[in-house]
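Residue strings, one per chain:
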Amino acid sequence: MPKRPVAVVLASLLVLSACGADPGASGGKQDITVWLMKDSATDDFVSRFESEFERDHPELDLKIQIQEWNGITQKVTSALASTDPPDVIEVGNTQVAQYAASDGVTDLSAKVGELGGDDWIPGLAEPGAVDGKQFGVPFYAANRVVIYRKDLFEAAGVAPPKTRDEWLAATEKLDQGDTQGIYLPGQNWYVLSGFVWDEGGDLAEQEGDKWSGALNTPEALAGADFYRKLQALGDGPKDSDEAKPQQTDVVAGGEVAQFIAVPGAAKLVAKANPELADQLGFFPIPGKTAAKPGAVFTGGSDLIIPLASTRQDGAYAVVKALAGEKWQVELAKAMNYVPNRTSLASAVGDDPGAAAMAAGAVNGRATPNSPNWAAVEARNPIKEFLTAVLTGADPATAAAEADKVITQALNSGA
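Here, residues in each chain are numbered from 1, in the same order as that chain's written sequence. Per-residue local features of the predicted model are confined to residues with pLDDT of at least 70, and side-chain atom pairs are confined, for both listing and counting, to 80 or more; whole-chain, interface and lining totals are unaffected and use all residues. Only heavy atoms go into the side-chain values, all of them from the structure, while hydrogens and water stay out.

The name that an unreviewed UniProt entry assigns to the chain is N,N'-diacetylchitobiose transport system substrate-binding protein, with the source organism given as Saccharothrix ecbatanensis. UniProt positions are given in the numbering used here, feature names are shortened, and annotations may be inferred rather than shown by experiment. Under the Sequence similarities (unreviewed entry) heading, UniProt states for the chain: "Belongs to the bacterial solute-binding protein 1 family."

Laid out in structure tokens, this is it:
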């Protein structure tokens, strides 16, 4: 990954300062360019934020540019290596480590306190921190919940469960006749990750500068065993993920009691089968005890500031505003997201899907914080491991094979 030496950045800043030059100034105002990703916010949200931010910061001229996800990794990498990058960039929460490895991202550790960092949801805060430094500021989050058929639960005499044991018992009772107790495809590795984390394990572990796969551990194998028990209470395929076939299409067929997805999936089911629109409810993925919901993979975005930006103060003002309470609540309501702070969960309480998601987000996690994690997902031996477990292979042997691939991918270039 190309790197821009810190000395060069500092030298350019000194030259600009000495000359009184501001490369981002126009009409007496300082231009602040922000890259936000497509569909991360509504057009109305973006428009209102621009207007109110410029009203509150008359010296700044905000220019928000919407980017496509396709090809964004290379585009951000190139921007971080340039002499005049955008001032703020929205990036996927699991991508922060990769970008921070370029030495082109501003360290915001000193700002964590005033940004409310003690209250950030862990699934965004943790991947934003690399080697003890906070490079990414949580922007928004989303995570999976259980979407269930209220009518089928009522007919079976079961209520939304609070623990894993209750979940298995309820699902077994629901799995009768033509009704699947749960639709869980065999390669939904995000769901597996939560079960592994609940057991105290992880997908990979770091020791010093080296990483190693961690599926062949008692904790990860226990998580896989729970996955096996739950998956058996439905007819989900053992050798494909939730997109093959699209699980919302399967659920729309009317013979599935529950499935695991982000809350927005319920709208897709209702669109395909309007008769189910009023029958879909939500609950957090249950944990091992009722004291805490199950661990979930937290997807979402962080905000970073390129080190080469000569407009650091203006960039930080944008980050502070977007990560602040007002705009976090506005964004969560507009997009059914989880706000970046646990104390703001009540702000989405009127939406049952978002409320269930926010309740689960307090136990959110992210994938191992390695700049090479994308290489693991590209090969994804975790999916193959799951299929092996579900089709009768020895779990430890399958885990050891997957760990070899994970270890090699994470240490490539080390």
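Back to the text.
Student: How would you sum up the overall build of the chain? Please name residues and give values.
Tutor: Secondary structure follows DSSP: runs of H or I at least 4 residues long count as helices, runs of E at least 2 residues long count as strands, and numbering of each begins at the N terminus. Secondary structure summary: the chain contains 17 helices and 14 strands in total. The quantity called the radius of gyration is restricted to C-alpha atoms. Its globule counterpart is 2.2 Å times the number of residues to the power 0.38. Relative to the compact-globule value of 22 Å for 414 residues, the chain shows a C-alpha radius of gyration of 23 Å, a close match. Accessibility here uses a 1.4 Å probe with only protein chains present; expressed as a share of the type maximum, an area under 20% marks a residue as buried, one over 50% as exposed, and anything in between as partly exposed. Considering the chain as a whole, with its 414 residues, one finds that 53% of them fall into the buried category. Long-range contacts, defined here as pairs at least 24 residues apart, represent 78% of the contacts in the chain between residues at least 6 apart. For the chain, the centre of its 34 positive side-chain charges and the centre of its 56 negative side-chain charges are spaced 1 Å apart. The contact definition used throughout considers only heavy atoms, calling two residues in contact when any of these lie within 4.5 Å. Only four residue types enter the tally: Lys and Arg on the positive side, Asp and Glu on the negative side; His and the chain ends are excluded. Every charge is mapped onto a representative atom, which is NZ of Lys, CZ of Arg, CG of Asp or CD of Glu.

Student: Any chance you could break down the packing of helix α16 (residues 381-390) against helix α17 (residues 395-410) for me, citing the residues and the numbers?
Tutor: Between N-to-C directions, angles cover 0 to 180 degrees, with each direction set by a line fitted to C-alpha atoms, over the stretch in contact for helices. Where α16 meets α17, the axes come as close as 9 Å, and the angle between the chain directions of the two elements is 170°. The angle between the axes of α16 and α17 places the two elements in the roughly antiparallel class. Every residue of α17 that contacts α16 at Pro381, Ile382, Phe385, Ala388 and Val389 is listed here: Pro395, Ala398, Ala399, Ala402, Val405 and Ile406. Residues that form the contact of α16 with α17 fall into these classes: 11 nonpolar, no polar and no charged. Oblique is the label for any angle not covered by the other classes, which are roughly parallel (under 35 degrees), roughly antiparallel (over 145) and roughly perpendicular (65 to 115). Ten residue types, Ala, Val, Leu, Ile, Met, Phe, Trp, Tyr, Cys and Pro, are classed as nonpolar, four, Asp, Glu, Lys and Arg, as charged, and the remainder, Gly among them, as polar.

Student: Tell me about the side chain of Asn93, residues and numbers included.
Tutor: Tracing the backbone through its elements, the reader meets Asn93 in the loop between β4 (88-92) and α4 (96-100). For this analysis, a polar contact is any N or O atom pair within 3.5 Å, provided that within protein one partner can donate a hydrogen and the other can accept it, and provided that sequence-adjacent residues contribute only side-chain to side-chain pairs. Side-chain polar atoms of Asn93 contact the backbone oxygen of Thr298, separated by 2.9 Å.

Student: Provide a residue-level description of the pattern of salt bridges, including the pertinent values.
Tutor: Here a salt bridge means any side-chain nitrogen of Lys or Arg lying within 4 Å of a carboxyl oxygen belonging to Asp or Glu. Within the structure shown, the criterion is met by 20 salt bridges. Between Asp84 and Arg311 there is a salt bridge, with the nearest N and O atoms lying 3.1 Å from each other. Residue Asp84 is located in the loop between α3 (72-80) and β4, and its partner Arg311 is located in the loop between β13 (296-304) and α12 (312-322); the two are separated by 227 residues in the primary sequence. According to the relative accessible area criterion, Arg311 is buried, its value standing at 4%. Look at the salt bridges and you will find they share partners, linking Glu52, Arg55, Asp56 and Lys326 into a network.

Student: Could you give an account of the packing of aromatic side chains, with specific residues and numbers?
Tutor: In this analysis, rings of Phe, Tyr and Trp, with Trp reduced to its six-membered ring, are considered paired at centre separations within 6.5 Å, and the interplanar angle assigns stacked below 30 degrees, edge-to-face beyond 60, and tilted for intermediate values. Inspection of the entire model under this criterion finds 16 aromatic pairs. Relative to Trp327, the ring of Phe45 has its centre 5.4 Å away and its plane inclined at 90°; by these criteria the two rings are edge-to-face. Of the two residues, Phe45 sits in helix α2 (residues 43-56) while Trp327 sits in helix α13 (residues 325-335), which places them 282 residues apart along the sequence. Of the two residues, Phe45 and Trp327, neither departs from the other in class, the shared state being buried. Seen in terms of ring centroids, Tyr190 and Phe297 are 4.6 Å apart; in terms of plane orientation they differ by 35°. Their pairing is tilted. With Tyr190 in helix α8 (residues 189-198) and Phe297 in strand β13, the pair connects residues that are 107 residues apart, well separated along the chain. Like Tyr190, the residue Phe297 is buried in the burial classification.

Student: Help me get a handle on the sheet that holds strand β8 (residues 145-149), residues and values and all.
Tutor: Read from one edge to the other, the open sheet built from three strands follows the order β11-β8-β12, with strand pairing classed as antiparallel. Strand pairing shows two members of the sheet lacking a second neighbour, β11 (258-261) and β12 (280-283), which therefore form its edges. Averaged over all pairs of adjacent strands, the angle between their axes in this sheet comes to 30°, without regard to strand direction. What makes two strands pair is DSSP finding at least two bridges between them. Pairing between β8 and β12: four bridges, direction antiparallel. Its bridge partner lying in β12, Val146 is registered against Phe283.

Student: Let's hear about the nonpolar core: which residues, and what values?
Tutor: In terms of nonpolar packing, the biggest core is built from 50 residues, with Trp167, Leu215 and Phe385 touching the most fellow members. By residue number, the principal contributor to this core is α8, which donates seven residues. Among residues more than four places away in sequence, those in contact with Phe385 are Leu192, Leu215, Leu221, Ala224, Pro395, Ala398, Ala399 and Ala402. In terms of nonpolar packing, the next biggest core, distinct from the first, is built from 33 residues, Val137, Tyr140, Leu303 and Leu322 among them. By nonpolar core we mean a set of buried residues, namely Ala, Val, Leu, Ile, Met, Phe, Trp, Tyr and Cys, connected to one another through side-chain atoms within 4.5 Å.

Student: Quick one: what's the story with the pairing of β8, residue by residue and with numbers?
Tutor: Burial runs high along β8: five of the five residues are buried. Of the strand pairs in this sheet, β8 and β11 are connected by four bridges, and their pairing is antiparallel. Among the inter-strand pairings, Val146 is bridged to a residue of β11, identified as Ile260.

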